[in-house]
Amino acid sequence: MKKKIQKLNKINLKKLNKVAHLISFSSKIKSINPEYKDFDIFIKDFEYFISTELKSPANNLSSQDKIFEGIINRLDFLNNYKNITLRIYLESQKKPKYFLILSKNINDYFNLFLNTHFEKTVSNIIYLYAFNTWIEDNNNMDKTMASIGHAFDNINKVNSFIRKR
């Protein structure tokens, strides 16, 4: 009898999150779906789960507020699965194809609510900066929010300098 393949959901992701730091993580994900022997398939399914659960910022916000809200929404949601997220991040440092999968999905998320190439570029830069702060931050994300604010301050300074020229 063929084993039934499960989809990623809140229940099995909560369980996986508890063991994401263990060596046995790869066998645990394979017990959910044997295709996860290819970690990139797990990443794609994890990102798909995120995309189905994550809400986009309201359309009536300024682009800066949309970027801020979009980043905070994503990182706040990822707090529920921080250990898995960190595991994927660490694995993506070893295998660039994992990083490319993540980048594509993050771009797809920002494409849902940002219009210009400039906004999308800024959002990706700030997201990377905020993510590195988020790694060390606690669940209230005060440091992460402050880092996003600082990033916008710096971008606005550069913009005003460029406009003066």
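**Observations regarding the pattern of salt bridges**
Across all of its chains, the model carries six salt bridges by this definition. Glu91 is the partner of Lys94 in a salt bridge, and the nearest nitrogen-oxygen pair spans 3.4 Å. A residue pair is termed a helical-turn pair when its members lie 3 or 4 positions apart in one helix, as Lys94 and Glu91 do in helix α5 (residues 82–94) at three residues. For the salt bridge of Asp108 with Lys104, the shortest nitrogen-to-oxygen distance reads 2.6 Å. Note that Asp108 and Lys104 are positioned in helix α6 (residues 96–111) at a spacing of four residues, about one turn of the helix. Judged by its relative accessible area of 34%, Asp108 is partly exposed.

**As for the layout of surface pockets**
Space inside the largest pocket adds up to approximately 260 Å³. In this structure, the largest pocket is lined by 17 residues; those nearest its centre are Phe99, Leu102, Ile106, Tyr127 and Leu128. Put simply, the parts of the chain that give the lining of the largest pocket at least two residues each are α3 (39–53), α4 (63–78), α5, α6 and α7 (117–136). Classifying every residue of the lining of the largest pocket by side-chain character gives 10 nonpolar, five polar and two charged.

**Points about α6**
Counted at 1.5 Å a residue, the expected span for α6 with its 16 residues is 22 Å, and the 22 Å between its end C-alpha atoms agrees. Every buried residue of α6 is accounted for by Tyr98, Ile101, Leu102, Asn105, Ile106, Tyr109 and Phe110. Buried residues along α6 sit in contact with α3, α4, α5 and α7.

**As for the nonpolar core**
Grouped together as the largest cluster of nonpolar side chains are 43 residues, with contacts concentrated most on Leu16, Phe25, Phe42, Phe46, Ile71, Leu75 and Ile84. Every element with two or more residues in this core is listed here: α1 (10–19), α2 (25–32), α3, α4, α5, α6, α7 and α8 (142–164). Sequence-distant contacts of Phe46, that is, excluding residues within four places in its chain, are made with Leu8, Leu13, Leu78, Tyr81, Ile84, Thr85 and Ile88.

**Digging into the packing of aromatic side chains**
Enumeration according to the criterion identifies 17 aromatic pairs in this entry. Ring geometry for Phe25 versus Phe42: centroids 5.9 Å apart, planes at 85°, classification edge-to-face. Of this pair, Phe25 sits in helix α2 while Phe42 sits in helix α3; the two residues are 17 residues apart in sequence, bridging distant segments of the chain. With relative accessibility at 0%, the residue Phe42 sits in the buried group.

**Some points on the packing of α3 against α5**
The N-to-C vectors of α3 and α5 enclose an angle of 135°; their axes lie 12 Å apart at closest approach. By the angle between their axes, α3 is oblique relative to α5. Every pair of crossing elements has a handedness; the one defined by α3 and α5 is left-handed. Of the residues in α5, those in contact with Phe39, Phe42, Ile43 and Phe46 of α3 are Ile84, Thr85, Arg87, Ile88 and Glu91. In terms of residue class, the contact of α3 with α5 is made up of six nonpolar, one polar and two charged.

Thresholds applied
- Residues numbered from 1 in each chain as written.
- Predicted model: local features only at pLDDT ≥ 70, side-chain atom pairs only at ≥ 80, totals over all residues.
- Heavy atoms only, no water.
- Salt bridge = Lys/Arg side-chain N within 4 Å of Asp/Glu carboxyl O.
- Helix = DSSP H or I, 4+ residues; strand = E, 2+ residues; numbered from the N terminus.
- Buried < 20%, exposed > 50% of the residue type's maximum accessible area, 1.4 Å probe, protein only.
- 1 Å grid on protein atoms, 1.4 Å probe; cavity = no way out; pocket = protein on both sides within 12 Å on 5 of 7 lines; lining within 4 Å.
- Points joined across faces, edges and corners; volume = space filled by probe spheres on them.
- Nonpolar A, V, L, I, M, F, W, Y, C, P; charged D, E, K, R; others polar.
- Expected span 1.5 Å × (residues − 1).
- Contact = heavy atoms within 4.5 Å.
- Core = buried A, V, L, I, M, F, W, Y, C linked by side-chain atoms within 4.5 Å.
- Phe/Tyr/Trp six-rings, centres within 6.5 Å; stacked < 30°, edge-to-face > 60°.
- Axes fitted to C-alpha atoms, helices over the stretch in contact; angles between N-to-C directions.
- Parallel < 35°, antiparallel > 145°, perpendicular 65-115°, else oblique.
- Left-handed = near helix turned anticlockwise from the far one by under 90°.

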